[in-house]
Amino acid sequence: ADGKVYRMKMAETWNSNFPIFGDAPREMARLAEEMSDGRLKITIDSANKHKAPFGVFDMVRSGQYDLGHSASYYWKGKVPNTLYFTTMPFGMTTPEQYGWFYYGGGQALSDKVYGKFGLRSYPGGNTGNQMGGWFQKEINSVEDLQGLKMRIPGFAGEVMAKLGAKPTNIPSGELFTALERRTIDALEWVGPSLDLRMGFHKIAPYYYTGWHEPATELQFLVNDRSYKRLPADLQVILKSAMKLSAYNMYIQSYHESAENWATMKQEFPNIEVKTFPESVMKAMYKANEELLAEKAAEDPLAKEILDSQAEYMKKARVWTNISDRAYLDSLDNLAD
Amino acid sequence: MIGIIMFFVALVMLLFGFPVAFTFGGVALIFGVFAEGWDMFAFMPFRIQSYMENTVMMAVPLFIFMGIVLQKTRLAEQLLEAMGKLFGSVRGGLAISTILVGSLLAASTGVVGASVVAMGLISLPVMMKYQYSKSLACGTICASGTLGQIIPPSIILIILGDVLGIPVGDLFQAALGPGVVLIGCYILYIVVITWLNPELAPAIPYDESLGTRSQQIRDALKAIVPPLALVLIVLGSIFSGIATPTESSALGGVGAVVLALIYRQFSWKMLFDSSLETVKVTAMVFAILMGATAFSMAFSYTGGDYIVEEVLLNLPGEKWGFIILAMIAILVLGFFIDFVEIAFIIVPILAPVAEALGINMVWFAILIAMNLQTSFLTPPFGFSLFYLKGVAPRSVKTFDIYRGVVPFILIQIAVLVSILVMPGWYGMD
Amino acid sequence: MFLVSLERTLGRYSLWLGKLSAVLLLLLLCNVFYDVLMRYAFNDVSIGMQELEWHLYAAIFLLGIPFGLQTGGHVRVDLFYERLSLRGKAWIDLVGTLVFLIPFSLLVGWYGVDFAREAYELGETSGDPGGLPARWIIKSVIPVAFFSIAISGVGMILRCINAIRGVSSDGFDHDPIQH
Ligand code: NA
Ligand code: NA
């Protein structure tokens, strides 16, 4: 290897000290620099510097930045097929989804979607199962969703809308007041790892379990030209640093969720964790299936991706059921 | 180094008197292109888009519209005059009324541009009509318009909550005490200064032809009701959950039009003219923001943020030394840089140190917010000063405004020091 | 004489943009009011209508800037400027417009074209349920506004030249905003 120093610039969607999400790209940059003995230096610009949290796709594409850290489903409005590489309602769990991405054909499909734009996308860290959100009122039936004003963006919002809920846009700075004053009835954010600092547990009694983002994966976006400028060894180092830091974020999220949930529950022992009743889950599942069928009918590549995911999940879930689920089920009631 | 030179060049250029917005933009262009090349400006559309999608800023045109309609229909003037009369022989009654109205506006929005402009439109002409000192009038308006920063809801508190990872609700609660104290101090200042120097703010003369004293008070109360009802609608819609703070500004605008109808001041021409003037003032506010965002882009992309970081990382590692120097650093930087930049560049550097020193983070956030509020008022780069200048009559000179804000800046520093020394008194131990 | 009439033509264009913005502002007022009413009274929310709010608001402030320039609405630090003669003011505005205003707005407008074209080519839409399609329309307001600022700048240059030559003092004596 020559001694030349290669510099890359990365734009992240988050502000400079956003916990967990923002730790992943920093960890990646640190690993890349140390593994390359200082030959690969990556500087990170946060959203408060470039002011374009949702312009990361365009900026990496045009080469203003070599790398980006964001989430694939943010680009759904620009490139519809990017939707499928973050997480899907009723979709795979995190280990299942990693299995699909690395060994089940996910990477090749991602390359098909992003390659057209001179981009590569790699996993950028997983939040694990996200919570269904904070609710001011209980949801006991599909009727309770009628007219339910909820901050729930993107595809999951479409599913809710199909059942009569009213997805509502509220700027994130006004979310707390809006939920407190019941301008909206419910909202989804992430999970305990990041919800704690928003303070929603102080103002909403019900915390529903997740269904819509079982395995939210962030992404590292890479400009293909910038990537090809690197010598072969640095390419390997970059990819390894991305993979390692993504894995690390998944574990960190798990840890922070456990810690923060304990804090919330201690401060506010009356928070009720709820799961949507079966009738509601069934209705949402059906709405989700219908929407996916529409997407598949519109675009052959979408169909290819969705089929690939469905097929992989079927196989992987059987294993999940006789491994993790069977283990957890077998532990039930042991303490009694 | 380029960042520092840029500041001084911008300062000198501003003094030539070319519009502020384009002086910022032009200086950014010259330094940016020189240091980083043309391509840096490919970031500009993204930065502009971040303002376009920032729906919280939508309160700016909507509140300005409310202010202009109230002003054109003379309802605002009646309100202030009535309040001034209620204070009767109290000198500075109009200034005190201005502070109170400013506090109410502050409680309904966190957008300084909106409140300063609305106040400037509403109360400056009235104070000038009654022979107030120009600088006292301007200082009062800038200071009370800027209260929106510390009195919840407030953008800076929302940003600080985000940056420091503190629930916004906690910050809003903690900011109430300091906000109320600040209002009290402003009023006290007006009372004292007008007592010392009656010329500054004469009492509204008692005019016998308008009826007896008690009748005048009754009239005054009657005049207060409609605009006050409007403010209550705005605040009430937020507290009852009917509208978000931003949306409440539209309710205020619609309410003002309804008032105009009730008081037979409505005409389509009045409506369109109000709208056209709103556009002009709004454009003035946003042009400055566009220029300033170009300027801060050039500043940070040419390495200015690293210089700031360097300085801050060398602050002492002992509690009081750290806090005092950090406050001074923020205050000095506030003379030059936009508060959003400060919140995002500087606060993240200070936060871990503060945390390590065991400093109460809510208290720390409130100190910073108070400090940043002051940055809106400090000449020469004080956004409130620019906004007021944009709507002031021609006879009001930039210097009048600069001179007028000085006492209020001193008051803010005094309150800041009191929070620093006696956090317990404000409920932040 | 040609310069004077050209200046007036450019001026009319900026004024027209201002009037357009004024109409959009009234629409914005109705839009927000409608959204609040529907949500509170009828429990109905339309993301499309909510997005229309910021589309209108963005167009208002962007298209208002050239109008503000034409009508003298932009703030100056006039510690010295106000004491200058008409010619002195005209010289400052002439140089400022040539060196600062026009290059800045042309450059931003230029990159704004790419920005809007990108959205057009991708067929960018809102990512939220029921959101608005055709993002390129609102994005192209950026280049339109900044090129219009440059056009307003040309008008300003003509005003300055006319003032320096002593042909006309139009544009140096604007009424302040509220009177
Ligand atoms: Na406020
Ligand atoms: Na300042």
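Up top is the structure these notes are about.
All of these numbers come straight from a predicted model, not from anything done at the bench.

Residue and element names in this part refer to chain A. Across the sheet, which stays open at both edges, the 6 strands sit in the order β7-β6-β8-β5-β9-β11 with mixed pairing between neighbours. Two strands bound the open sheet, and with one partner strand each, they are β7 (166–167) and β11 (272–274). As paired elements, strand β6 (residues 149–151) and strand β8 (residues 186–187) share 2 bridges and run parallel to each other. Bridging across to β8, M150 finds its partner in A186.

Next up on the list: unusual backbone geometry. Backbone geometry places D37(A), a non-glycine residue, at a positive phi of 55°. Located in the positive-phi region is Q131(B), a residue other than glycine, with phi close to 65°. Mapping Q131(B) onto the fold places it in the loop between α7 (112–129) and α8 (134–146).

All names here are of chain A. Viewed as axis vectors pointing N to C, helix α5 (residues 106–115) and helix α12 (residues 300–331) meet at an angle of 160°, and their least axial separation amounts to 11 Å. Put simply, α5 runs roughly antiparallel to α12. When you trace α5 past α12, the crossing you get is left-handed. Counting all contacts with α5, which are made through L109, K112 and V113, the residues of α12 involved are L301, E304, I305 and S308. Residues of the contact of α5 with α12, tallied by class, amount to 4 nonpolar, 1 polar and 2 charged.

In a pair of packed helices, the angle between the axes and the distance between the axes together describe the arrangement. Residue and element names in this part refer to chain B. The interhelical angle for the contact between helix α4 (residues 59–72) and α7, taken along N-to-C directions, is 10°, at an axis separation of 9 Å. One finds that α4 runs roughly parallel with respect to α7. For the pair α4 and α7, the contacting residues are A59, V60, F63, I64, G67, I68 and Q71 in the first and A114, V117, A118, L121 and I122 in the second. Of the residues belonging to the contact of α4 with α7, the class tally is 10 nonpolar, 2 polar and no charged.

Take the interface of chain C and chain A next. Contacts between the two partners involve 17 residues from chain C, matched on the other side by 19 residues from chain A. Taken together, the two surfaces of chain C and chain A that pack against each other cover about 1500 Å², and 49% of this comes from carbon and sulfur. The tally of links from chain C across to chain A stands at 2 salt bridges. For E124(C), the salt bridge identified is with K78(A), shortest N-O distance 3.4 Å. Where chain C meets chain A, there are 3 residue pairs in polar contact (both at pLDDT 80 or more). Within the residue set of the side of chain C that touches chain A, elements represented by two or more residues are α2 (47–70) and α3 (86–122) of chain C. The greatest single-element share of the side of chain C that touches chain A, amounting to 3 residues, is contributed by α2(C).

Cut-offs used in this document
Residues numbered from 1 in each chain as written. Chains lettered and ligands numbered in written order. Predicted model: local features only at pLDDT ≥ 70, side-chain atom pairs only at ≥ 80, totals over all residues. Heavy atoms only, no water. Pairing = 2+ DSSP bridges. Helix = DSSP H or I, 4+ residues; strand = E, 2+ residues; numbered from the N terminus. Axes fitted to C-alpha atoms, helices over the stretch in contact; angles between N-to-C directions. Parallel < 35°, antiparallel > 145°, perpendicular 65-115°, else oblique. Left-handed = near helix turned anticlockwise from the far one by under 90°. Contact = heavy atoms within 4.5 Å. Nonpolar A, V, L, I, M, F, W, Y, C, P; charged D, E, K, R; others polar. Buried area = accessible area lost by both parts, 1.4 Å probe. Salt bridge = Lys/Arg side-chain N within 4 Å of Asp/Glu carboxyl O. Polar contact = N/O pair within 3.5 Å; in protein donor to acceptor, adjacent residues only side chain to side chain.

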